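Structural characterization, general
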Amino acid sequence: MKKIAIFGGTGNTGLCAVDAALKKGLVVRALARDPAKFPVEVQSKVEIVQGDVLNYDDVKKTVEGVDAAVIVLGTRNDVKPTTMMSEGTKNILNALKEAGVKPVSGCMSSFLFMEIEKVTPMLRDLTQDHIRMLDALKASDRDWIAVCPPHIAAEPSGNYEIKHGSSPGRAISKYDLGFFLVDCLDKPEHYHQMVGIAKPLQA
């Protein structure tokens, strides 16, 4: 794996994924509506495609010649109903198929391990779109990894655990999450899995 595409790279976790990929020595191409949202020191190190994940041509341009992709789409603090994340994911998956690229990780939420009725009411609309996003991954023939973090904290990196099919804790550092979204791409044991990631609970 030499080159990856990152979607949602200007967000808090997305920037951490970009940084983790660069530290691994990977070439990074990122799609961004507003390239100025990348810190100046990052702009010079990343191939930036200006565009929108809902525009298929922009997505197609972003995945040309890459070996894998990371999806870290988010709505920042907007919790209104949306289909952006799932529709964007469908565009990415179709473009990856067209380009012959198999590994793709997608960042969703540990709420996917719960019944929707148990999710905090304010966050149900976002969770519904994460469900649609997961469904799109499952329906694809790509080597997908559904990464499902709990509360994403701004704290420094620390120990973390990963668990297939459930969440091992209640919070994760954005730096560890960004690292794992990149690191898991060439680890087949995570393919076709819902992966919980969190710092260990204190005894």
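You'll find the structure just up there.
These numbers come from a predicted model, not from an experiment.

Rules used throughout
- Residues numbered from 1 in each chain as written.
- Predicted model: local features only at pLDDT ≥ 70, side-chain atom pairs only at ≥ 80, totals over all residues.
- Heavy atoms only, no water.
- Helix = DSSP H or I, 4+ residues; strand = E, 2+ residues; numbered from the N terminus.
- Expected span 1.5 Å × (residues − 1).
- Buried < 20%, exposed > 50% of the residue type's maximum accessible area, 1.4 Å probe, protein only.
- Contact = heavy atoms within 4.5 Å.
- Phe/Tyr/Trp six-rings, centres within 6.5 Å; stacked < 30°, edge-to-face > 60°.
- Polar contact = N/O pair within 3.5 Å; in protein donor to acceptor, adjacent residues only side chain to side chain.

Now for helix α4 (residues 84–99). An α-helix turns once per 3.6 residues; consequently, residues spaced three or four apart project the same way. The end-to-end C-alpha separation of α4 is 22 Å, in line with the 22 Å expected for 16 residues at 1.5 Å each. Of the positions making up α4, those classed as buried are M84, M85, S86, G88, T89, N91, I92, L93, A95 and L96. Buried residues along α4 sit in contact with β1 (3–7), α3 (56–63), β4 (68–71), β5 (103–107) and α5 (124–139). Backbone geometry just downstream of α4 places G100 in the positive-phi region, at approximately 75 degrees.

Tallied over the entire structure, the rule returns one aromatic pair. With 6.4 Å between their ring centres and 75 degrees between their planes, Y160 and F180 make a pair best called edge-to-face. Pair noted here: Y160 is in the loop between β7 (151–153) and β8 (161–164) and F180 is in helix α6 (residues 174–183), with a separation of 20 residues, a long-range link. Residue classification places Y160 among the partly exposed residues on the basis of a relative accessible area of 27%. The class for F180 is buried, based on a relative accessible area of 3%.

Looking at where R29 falls in the secondary structure, it is placed in strand β2 (residues 27–32). Here R29 falls in the buried class, since its relative accessible area comes to 11%. Here the side chain of R29 touches E47 through a polar contact of 3.0 Å, side chain to side chain. Reaching out from R29, the side chain makes a polar contact with the backbone oxygen of T62 at a distance of 3.0 Å. Sequence-distant contacts of R29, that is, excluding residues within four places in its chain, are made with K3, I4, A5, I6, E47, V49, K61, T62, V63, E64 and V66.

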